[in-house]
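An overview of the molecular structure
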Amino acid sequence: MAETQDAAHTADSPLPSRRELRRIAEEAEARGEGPLTQDELLRRAVASRDAAEGRVPTDPTSPSTAGIPTDPTSPSTAGIPIGHGFVTPAAPSGTRGQPAEEPVAPRDYGKAGRNLPAAIGVGVVLGGSVLASLIFYPPSFLIIVLVGVCLAMWELAEALSRSGAHVSRIPVIVASACMVLATYAGGREALWVAFTAGAGAVLLFALLERRTGNAVKDVCLSLFALTYVGLMASLIVYLLTLPDGNLLVICFLALVVASDIGGYIAGVLFGKHPIAPSISPKKSWEGYAGSALLSTAVGVAMAIWAFDAPMWTGIALGVLVPAFATLGDFSESMIKRDLELKDMGSLLPGHGGIMDRLDSILPTAPVVLVLFSFLPGFVD
C-alpha cells in the first residue's frame, strides 16, 4: 500500500523544470557526452531528484520514475526544452485514421559539432567572393557589406524579439545601410553624423510604435543592434577608404578567419579544458592556443609580404586579434544562451546564420582599426 501511494505521489509530481533540464544538458555537454535524448534527460533529471530526496531507484519501473512519460509525443513532455534552446515541439495530431508523424531528432555531427562539408563549401564560396571583390574591384565589397548588414540586422532583431522586446527592424536596417554608405563616401566624420542621425531615428520610431509597453527595453535593444552591427560594419568599410584599404581589409579578415580555423581544429583535436563551460562548453584553452598560433603565422606573413612592416607587428596582431575575436564569440554565445537559441539563423548551412559568422568579426573591427593606426607600416 505504501509503495502504491509513493508511486501515485510521484506520478502527480511536476515534470522537471526548464532550468533543471538545461543544467543537466550543459553538464553533459561539458563532459563531452554530446546532446542527450529526451528520454535520457528525463531519466537523469528524475535520478537527480531521487538522489536529492534520498531515494535510490534500482530499476526503470521504480516508483520514483512512475508516471514520468518518456514518449516524445506525449502531451506532458511535448515542448520540454532539450539542450541549449532546442525545443521539442508537440507532435502533430495527424488526420483521422493516420498516425501522427514522429518528431525528427537533430542530427548528431559528433565532435565536429556541425555539417563540416557544408560548412567548408559555404566558407569557400563566401571567402572567395569577398577576396575577389577586394582584389579586382574593391568598391564591390561595399555591396557585400550592405547585403550582410541587412541580413544580419534582420536576424538579430528576430532573435532579440524572443526577449519580449520589439526592435524596430526597418529603421535600424535603413540607418545601418546609410552609415555604411556615408562612411564610404565621407569617411570618419560622415560615419559619426550618420550614426547620430540613425540613433535619433531609431529612438523616435521605438517611442512612437510602443508595441510592448516597455519603451526603455525596446529603445536599448534597438540602439544595441544599431551599434553592434551597423557601427562595427561601418568601421570595416572605413578601413577600405584608407590608403591600401583593400589590403588592410584582407589582412583584418585573414587574421579573424585564421583565429576561427585554428581554434576550431585545435579544439576538435585537442580540446579538453573549457574556457567558460557555462557560456560555451566547446571552446577550450587548447583551441585558443590554436587560434593564436595560426593567427600569428598569418599576421607575420601579411606584415612582411603585404605591408613590409616589422615582424613584431605581425606577432602583435596575431596575439591580440584572437583575444578579441574569442570575446566576440563568447558575447554572442551569452546572447544566444539568454535567448535559448543554438544559432542566430539558418541561412548558411553548416554555420547557422549571418550573425553566427560575424560574431568574431564585428567586435574585432575597432580593435584592428586602432592597431593598424598605431603599429608602424600599416597606415601612413
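Residues numbered from 1 in each chain as written. Predicted model: local features only at pLDDT ≥ 70, side-chain atom pairs only at ≥ 80, totals over all residues. Heavy atoms only, no water.

**Observations concerning the overall build of the protein chain**
Operational definition: For helices the rule is a DSSP run of H or I covering at least 4 residues; for strands it is a run of E covering at least 2, with both sets numbered from the N terminus onward. Buried means the residue's accessible area, taken with a 1.4 Å probe over protein chains only, is under 20% of the maximum for its type, while exposed means over 50%, and partly exposed covers the values in between. Here, two residues are considered to be in contact whenever any of their heavy atoms come within 4.5 Å of each other. Each accessible area is a Shrake-Rupley result for a 1.4 Å probe, and residues are judged covered by the shown protein chains and nothing else.
A tally of regular secondary structure across the protein chain gives 12 helices and 4 strands. For the protein chain, with 380 residues in total, the buried portion stands at 43%. Pairs at least 24 apart in sequence give 69% of the contacts found in the protein chain among residues at least 6 apart. Looking at the protein chain as shown, the accessible area adds up to about 19,400 Å², and 66% of this sits on carbon and sulfur atoms.

**Observations regarding helix H6 (residues 169–209)**
Filter applied, for reference: Expected span of a helix, by definition, is 1.5 Å for each gap between consecutive residues, and there is one gap fewer than residues.
The first and last C-alpha atoms of H6 sit only 12 Å apart over 41 residues, clearly below the 60 Å expected at 1.5 Å per residue. Looking one or two residues past H6, Arg-210 carries a phi angle of roughly 45°, positive in sign.

**Notes on the packing of aromatic side chains**
To keep things clear, this is the line we draw: Two rings from Phe, Tyr or Trp (for Trp, the six-membered ring) form a pair when their centres sit within 6.5 Å of each other. Planes less than 30 degrees apart are called stacked, planes more than 60 degrees apart edge-to-face, and all others tilted. In this scheme, the term charge over a ring applies when either NZ of a lysine or CZ of an arginine sits within 6 Å of the ring centre and within 35 degrees of the ring normal.
Tallying each qualifying case throughout the model produces 5 aromatic pairs. Between Trp-192 and Phe-195, the aromatic rings sit 6.3 Å apart at their centres with planes inclined by 80°, giving edge-to-face as the arrangement. Of this pair, Trp-192 and Phe-195 both sit in helix H6, separated by 3 residues, roughly a single helical turn. Taking relative accessible area as the criterion, Trp-192 reaches 41% and is therefore assigned partly exposed. Their ring planes at 85° and their centres at 6.3 Å tell us that Trp-285 and Tyr-288 sit as a pair that is edge-to-face. Of this pair, Trp-285 and Tyr-288 both sit in helix H9 (residues 285–306), 3 residues apart, which is roughly one turn of that helix. A relative accessible area of 24% places Tyr-288 in the partly exposed class. Aromatic rings pair up to connect Phe-307, Phe-372 and Phe-378 into one cluster. Over the ring of Trp-154 we find Arg-169; its NZ or CZ atom is 5.4 Å from the centre of that ring. In this arrangement the basic side chain of Lys-283 is found over the ring face of Phe-330, its NZ or CZ atom lying 6.0 Å from the centre.

**Some points on the pattern of salt bridges**
Applicable threshold: For this analysis, a salt bridge means a side-chain nitrogen from Lys or Arg found within 4 Å of a carboxyl oxygen belonging to Asp or Glu.
One pass over the structure, following the stated rule, counts 2 salt bridges. The partner of Arg-169 in a salt bridge is Glu-158, with the nearest N and O atoms 2.9 Å apart. Of this pair, Arg-169 sits in helix H6 while Glu-158 sits in helix H5 (residues 141–160); the two residues are 11 residues apart in sequence, bridging distant segments of the chain. Exposure remark for Arg-169: the relative accessible area of 17% places this residue in the buried category.

**Regarding H9**
With 22 residues, H9 should reach 32 Å at 1.5 Å per residue; the first-to-last C-alpha distance of 30 Å fits that figure. Buried residues of H9: Gly-287, Gly-290, Ser-291, Ala-292, Ser-295, Thr-296, Gly-299, Val-300, Met-302 and Ala-303, and no others. Check the buried side of H9 and you find it contacts helix H8 (245–270), strand E4 (280–284) and helix H10 (311–338). One or two residues past the end of H9 sits Asp-308, with phi positive at roughly 55°.

**Comments concerning the confidence of the model for the protein chain**
Going by this rule: Residue-level confidence of the predictor, termed pLDDT, takes values from 0 up to 100.
Looking at the protein chain, the pLDDT average stands at 79 and 75% of residues meet or exceed 70. The model gives residues 1–13 a pLDDT under 50, and that stretch makes 12 contacts with residues more than four places away or in other chains. Considering only residues more than four positions removed or in separate chains, one finds that residues 58–97, a stretch of pLDDT under 50, has 77 contacts.

**Focus on the packing of helix H7 (residues 215–241) against helix H12 (residues 365–374)**
As a reminder of what qualifies: Only the stretch in contact is used when a helix axis is fitted, and all axes are lines through C-alpha atoms; the angle between N-to-C directions ranges over 0 to 180 degrees. For classification, angles of less than 35 degrees are called roughly parallel, those exceeding 145 degrees roughly antiparallel, those between 65 and 115 degrees roughly perpendicular, and all remaining angles oblique. Note: crossing handedness is left-handed where the near helix turns anticlockwise from the far helix by less than a right angle, and right-handed where it turns clockwise. Polarity classes work like this: nonpolar for Ala, Val, Leu, Ile, Met, Phe, Trp, Tyr, Cys and Pro, charged for Asp, Glu, Lys and Arg, and polar for all others, with Gly in that last group.
The geometry of H7 relative to H12 is characterised by a closest axis approach of 9 Å and an angle of 30° between their N-to-C directions. Comparing the axis directions of H7 and H12 gives the class roughly parallel. Crossing handedness for the pair H7 and H12: left-handed. Seen from H7, the contacting residues are Met-232, Leu-235, Ile-236, Tyr-238 and Leu-239; seen from H12, they are Ala-365, Pro-366, Leu-369 and Phe-372. When its residues are assigned to classes, the contact of H7 with H12 shows 9 nonpolar, no polar and no charged.

**Side note on the nonpolar core**
Short version of the rule: Put simply, a nonpolar core is a bunch of buried Ala, Val, Leu, Ile, Met, Phe, Trp, Tyr and Cys residues held in one set by side-chain atoms that sit within 4.5 Å of each other.
The biggest cluster of nonpolar side chains holds 75 residues, and the ones touching the most others in it are Val-229, Phe-252, Phe-372 and Phe-378. The biggest single contributor to this core is H7, with 14 residues. Setting aside anything within four residues of it in sequence, one finds Phe-372 in contact with Leu-239, Leu-248, Cys-251, Phe-252, Leu-317, Phe-378 and Val-379. Membership of the second largest hydrophobic core comes to 5 residues, among which are Ile-24, Ala-25, Leu-41 and Ala-45.

**Here we look at the pairing of E4**
Spelled out, the test is: A strand pair is defined by DSSP finding two or more bridges across the two strands.
Strand direction decides the pairing type here: strand E3 (residues 274–276) and E4, joined by 2 bridges, are antiparallel. The partner of Pro-274 across the bridge, within E4, is Ser-284. In this structure, the hairpin formed by E3 and E4 is closed by a connection of 3 residues.

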